[in-house]
Amino acid sequence: DVKVTQSSRYLVKRTGEKVFLECVQDMDHENMFWYRQDPGLGLRLIYFSYDVKMKEKGDIPEGYSVSREKKERFSLILESASTNQTSMYLCASSRPPQETQYFGPGTRLLVL
Amino acid sequence: ELKVEQNPLFLSMQEGKNYTIYCNYSTTSDRLYWYRQDPGKSLESLFVLLSNGAVKQEGRLMASLDTKARLSTLHITAAVHDLSATYFCAGGTSYGKLTFGQGTILTVHP
């Protein structure tokens, strides 16, 4: 069974803080993704990575950065958290080229 | 740029009834996915449709794909309460990326 884990289920941060969200997958998948989910907007892709140290911007990368130093781990970084980054963050992984994406449990982030 | 639209966005069904969720997409997509999300939970993969005319069924759910019409449907047969969830369709693009629809919130009531 594919397992994707995320470091926190719930997180409360203050405006201006640097926030790290960690994602780990155990199936040796090449592709990893970070999404945010907001009501009525579905899932929007923030960044993705198709190999170690490779990253590509998704649809809404502003205010975020990512790091992928090891194949199994993909980190999302909010350099200076803002209230409009309050959201549910979902990590996913897949094996190219057409494999289903498997999702982690999500991190619900509240920025005060 | 691929755009995916679902309708309806909200669906209230009676148990035992049938209904269909529609998923339209704007440009060529080489695969179409359906996911389910229960409240407070993550997304669970339901179906992957890879070619025109593909049909897949699991229990009371059946998904189909018409690439010429750029349309996928998720048909629910004889709904039961356990099917209450949010359903997403997503089109596949390069590098394994997915573009998601807005989601359809399905509520099945007695």
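Quick summary incoming for the structure in this document. (Residues numbered from 1 in each chain as written. Chains lettered and ligands numbered in written order. Predicted model: local features only at pLDDT ≥ 70, side-chain atom pairs only at ≥ 80, totals over all residues. Heavy atoms only, no water.)

## Some points on the pattern of salt bridges
All names here are of chain A.
- Applying the stated criterion across every chain yields a total of nine salt bridges over all chains.
- Notably, a salt bridge pairs K53 with E69, separated by 2.5 Å at the nearest N-O pair. Of this pair, K53 sits in the loop between β5 (42–49) and β6 (56–57) while E69 sits in strand β7 (residues 64–70); the two residues are 16 residues apart in sequence, bridging distant segments of the chain. Note on accessibility: K53 and E69 belong to one class, exposed. (Salt bridge = Lys/Arg side-chain N within 4 Å of Asp/Glu carboxyl O. Helix = DSSP H or I, 4+ residues; strand = E, 2+ residues; numbered from the N terminus. Buried < 20%, exposed > 50% of the residue type's maximum accessible area, 1.4 Å probe, protein only.)

## Overview of the state of the cysteines
- Throughout the structure, instances matching the rule amount to two disulfides over all chains.
- A sulfur-sulfur separation of 1.8 Å characterises the disulfide bridge that pairs C23 of chain A with C91 of chain A. When the S-S torsion is -75°, as for the bridge of C23 of chain A with C91 of chain A, the disulfide is left-handed. Taken as a pair, C23 of chain A in strand β3 (residues 19–25) and C91 of chain A in strand β9 (residues 87–94) lie far apart in primary sequence, 68 residues in all. Each member of the pair, C23 of chain A as well as C91 of chain A, carries the same accessibility label: buried.
- Sulfur-sulfur distance for the disulfide between C23 of chain B and C89 of chain B comes to 2.0 Å. Residues C23 of chain B and C89 of chain B are joined through a disulfide that is right-handed, its torsion about the S-S bond being 85°. Of this pair, C23 of chain B sits in strand β3 (residues 19–25) while C89 of chain B sits in strand β9 (residues 85–92), and the two are 66 residues apart along the sequence. For the pair formed by C23 of chain B and C89 of chain B, the shared burial category is buried. (Disulfide = S-S within 2.5 Å.)

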